[in-house]
Amino acid sequence: MKIMKFGGTSVGRPERMAQVKDLVTRDNEPTIVVLSALSGTTNALVSIGDAMASGEKEKAKQLIDTLSAHYSQFINDLLKKESVKAKAIHTINEHFDFLYIILKISFNDALNKDILAQGELMSTKLFSFYLEEMGVDHVLLPALDFMSIDSNDEPQVSVIKSKITKSLEHHPGKSLFITQGYICRNAKKEVDNLKRGGSDYSASLIAAAVNASVCEIWTDIDGMHNNDPRVVKSTRPIEQLSFEEAAELAYFGAKILHPASIWPAQQYNIPVKLLNTMQPDAKGTLIVKDAEGEGVKAVAAKDGIVMLKIKSSRMLLAYGFLRKIFEVFEKYKTSIDMITTSEVAVSVTIDNTLHLDQIAKELQPLGELEVIVDQTIVSVVGNKLTQHDNLMTKMFDALCDIPVNMISFGGSLHNVSILIPTTHKNESLKVLNKGLFGLD
Ligand code: ADP
Ligand code: ASP
Ligand code: MG
């Protein structure tokens, strides 16, 4: 069994769906196809939810009208057979009827998650109708039957495994399954999701649950590049990454992968391939346990970081100080990304600012507290980093004009991270592209 996940741009136009059909029927290996919503849809659903949350019903209605018109046009261009087209129009209308009904009832967070789920529900149904029209035998497998998160909002592969095994058992002899990425059920059995970009995570979880031969992530670029192509001019694809390297890049901002999407594949040792739907024969990136290549492979950046600096002379020669600090973060379920210490000060970074005020209040008695917002972590990722290419010299030469607030190395041999003001992010990625890779 293999997993093939297609992102929003890969299904965002009727002609792309036709390409996806060609790709998923290329060989005979049983396949689970995981689809995202059509590109732009989840953003539109987020705006609809936001408008409803702030009581702007007219604005929400207009957004639904625009999205509905987009889907009508999409169906018209995608399907040719009148009988299949009529079924598709009827099905998609049901989803829009649901959105229009929500306009009339009182809004809450659970309802918002139902709204956000509509994108993947619609894209998979549209693709299924297209396969039907093309005479391709397949099964539409509802992700809400098997994809779940626990009371800590964490997915458990063992639970997903037992549920998806049951779902698959209902379809003996079938070899092509289509399912939704991103959506799941939470511990209360409500519709929920795996956060933005979560279809990659769905694919990796399903790959782990069915012990797939490979988890293919098909997107709009030919693999993980050495730097963020949205920021720097020249980037190149990386042929191989280890699970650790890929996980660090995903976690530290390489948008091509959801931050948590590597661990399930890593835990079950399932190779992940990053491939380009528009250029299916390009090599892409292979992510495996023992990847080839040493030295620096890529740079990534993660925005929205807050730095907390706690200074206290009581820390001098004292023990138990770090524990007291960590307990505060534990209490508010806020994970720390970077940490640096000196004899009299500790600096940490967080990206979840939900409880920032309470955390700050509880840290204040421990020392002098400084909270610095609008920061970005820039991470240099690779293998056996310090043993190669005078990395540190090149890195700090390149960054000589950047005001660096923190530096972190030593947690693993795969990552050197620095913290900088977000206003310097683009410049940092550019100078590192030149300094580390000789690229513009
Ligand atoms: P999908 O909709 O298929 O999930 P995403 O938009 O989530 O696609 O991810 C692909 C995008 O990630 C690329 O178009 C690219 O702009 C962006 N990206 C950011 N950093 C990297 C990187 N290091 N390598 C490749 N793509 C990257
Ligand atoms: N459709 C969801 C999003 O846009 C999930 C995904 O595309 O991976 O975030
Ligand atoms: Mg994505």
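Structure first, text after, so check above.
Presented here is an overview of the structure given in this document. Not measured: the values here are computed from a predicted model.

Some words on the sheet that holds strand E4 (residues 176–180)
- Across the sheet, which stays open at both edges, the 8 strands sit in the order E3-E4-E2-E1-E7-E9-E10-E8 with mixed pairing between neighbours. The open sheet is flanked by strand E3 (139–140) and strand E8 (240–242), the only strands paired with a single partner.
- As paired strands, strand E2 (residues 31–35) and E4 are joined by 5 bridges and run parallel to one another. The residue bridging Thr31 from the neighbouring strand is Leu176, located in E4.
- Along the sheet face, helix H2 (residues 14–24) touches strand E1 (2–6), E2, E4 and strand E7 (215–219) and points at about 170° away from the line of E1.

Things to note about the layout of surface pockets
- Within this model, the second largest pocket holds a volume of roughly 200 Å³.
- If you trace the second largest pocket, you find it lined by Glu248, Phe252, Asp337, Met338, Ile339, Ser408, Phe409, Gly410, Gly411, Ser412, Asn415 and Ser417.
- Taken together, the elements giving at least two residues each to the lining of the second largest pocket come down to strand E12 (336–341), strand E15 (406–409) and strand E16 (415–421).
- Considering only residue class, the lining of the second largest pocket consists of 4 nonpolar, 6 polar and 2 charged.

Examining empty space enclosed by the protein
- Tallying each qualifying case throughout the model produces 1 cavity of 30 Å³ or more.
- As a volume, the largest cavity reaches approximately 30 Å³.
- What lines the largest cavity is simply Asp200, Ser204, Cys215, Ile217, Leu257, Ser261, Ile262 and Val272.
- Broken down by secondary-structure element, the contributors of at least two residues to the lining of the largest cavity are helix H8 (199–209) and E7.
- Across the lining of the largest cavity, the residue classes tally to 5 nonpolar, 2 polar and 1 charged.

As for the site of ligand 1
- The environment of ligand 1 is made up of 16 residues, and the closest members are Lys5, Thr219, Asp220, His225 and Lys255.
- In this structure, Asp220 approaches ligand 1 through a side-chain N or O atom, which is 2.8 Å from an oxygen atom.
- Between ligand 1 and His225, the relevant distance is 2.8 Å, taken from a nitrogen atom to a main-chain nitrogen or oxygen of the residue.
- Burial of ligand 1 by the surrounding chains reaches 86%, relative to a free accessible area of 570 Å².

What about helix H11 (residues 321–331)?
- Those residues of H11 not exposed but buried are Phe321, Ile325, Val328 and Phe329. The arc enclosing the buried residues of H11, seen along the axis, measures out at 95°, which places them on a common side. Residues of H11 that are exposed and point over 90 degrees away from its buried face: Glu330 and Lys331.
- Each element contacted by the buried residues of H11 is listed here: strand E11 (295–311), E12, strand E13 (345–350) and helix H12 (356–363).
- The positive-phi residue at the C-terminal boundary of H11 is Lys333, with phi of around 45°.

Here we look at the nonpolar core
- Ile3 and Phe6 are the most contacted members of the largest nonpolar core, which has 96 residues in total.
- The residues contacting Phe6, other than those within four sequence positions of it, are Val11, Val20, Leu23, Val24, Val33, Val34, Leu35, Ser36, Trp218 and Thr277.
- Among the nonpolar cores identified, the runner-up in size contains 21 residues, and Val299, Met395, Ala398 and Phe437 belong to it.

Considerations on helix H3 (residues 41–53)
- For H3, which comprises 13 residues, the first-to-last C-alpha distance of 18 Å matches the rise-based estimate of 18 Å (1.5 Å per residue) to within 8%.
- Looking at the packing, one finds that the buried side of H3 touches helix H4 (57–78), helix H5 (82–102) and helix H6 (109–133).

Let's talk about unusual backbone geometry
- Backbone geometry at Lys189 places phi at a positive 70°, although glycine is not the residue there.
- Summarising the element assignment, Lys189 is placed in the loop between strand E5 (183–185) and strand E6 (191–193).
- The backbone of Asn211 sits at a positive phi, close to 50°, despite the residue not being glycine.
- Tracing the backbone through its elements, the reader meets Asn211 in the loop between H8 and E7.
- By relative accessible area, Asn211 is classed as exposed at 54%.

What about the packing of H2 against H6?
- Where H2 meets H6, the closest approach of the two axes is 11 Å, and the angle between their N-to-C directions is 70°. Between H2 and H6, the angle is such that the two are roughly perpendicular. Here H2 and H6 pass one another in a crossing that is right-handed. Contact residues: Met17, Ala18, Val20, Lys21 and Val24 in H2; Ser123, Leu126, Phe127, Tyr130 and Leu131 in H6.
- Counted by class, the contact of H2 with H6 contains 8 nonpolar, 1 polar and 1 charged residues.

Definitions and cut-offs
- Residues numbered from 1 in each chain as written.
- Chains lettered and ligands numbered in written order.
- Predicted model: local features only at pLDDT ≥ 70, side-chain atom pairs only at ≥ 80, totals over all residues.
- Heavy atoms only, no water.
- Pairing = 2+ DSSP bridges.
- Helix = DSSP H or I, 4+ residues; strand = E, 2+ residues; numbered from the N terminus.
- Contact = heavy atoms within 4.5 Å.
- Axes fitted to C-alpha atoms, helices over the stretch in contact; angles between N-to-C directions.
- 1 Å grid on protein atoms, 1.4 Å probe; cavity = no way out; pocket = protein on both sides within 12 Å on 5 of 7 lines; lining within 4 Å.
- Points joined across faces, edges and corners; volume = space filled by probe spheres on them.
- Nonpolar A, V, L, I, M, F, W, Y, C, P; charged D, E, K, R; others polar.
- Near = heavy atom within 4 Å.
- Polar contact = N/O pair within 3.5 Å; in protein donor to acceptor, adjacent residues only side chain to side chain.
- Areas by Shrake-Rupley, 256 points an atom, 1.4 Å probe, with all protein chains shown as cover.
- Buried < 20%, exposed > 50% of the residue type's maximum accessible area, 1.4 Å probe, protein only.
- Arc of directions from axis to C-beta.
- Core = buried A, V, L, I, M, F, W, Y, C linked by side-chain atoms within 4.5 Å.
- Expected span 1.5 Å × (residues − 1).
- Parallel < 35°, antiparallel > 145°, perpendicular 65-115°, else oblique.
- Left-handed = near helix turned anticlockwise from the far one by under 90°.

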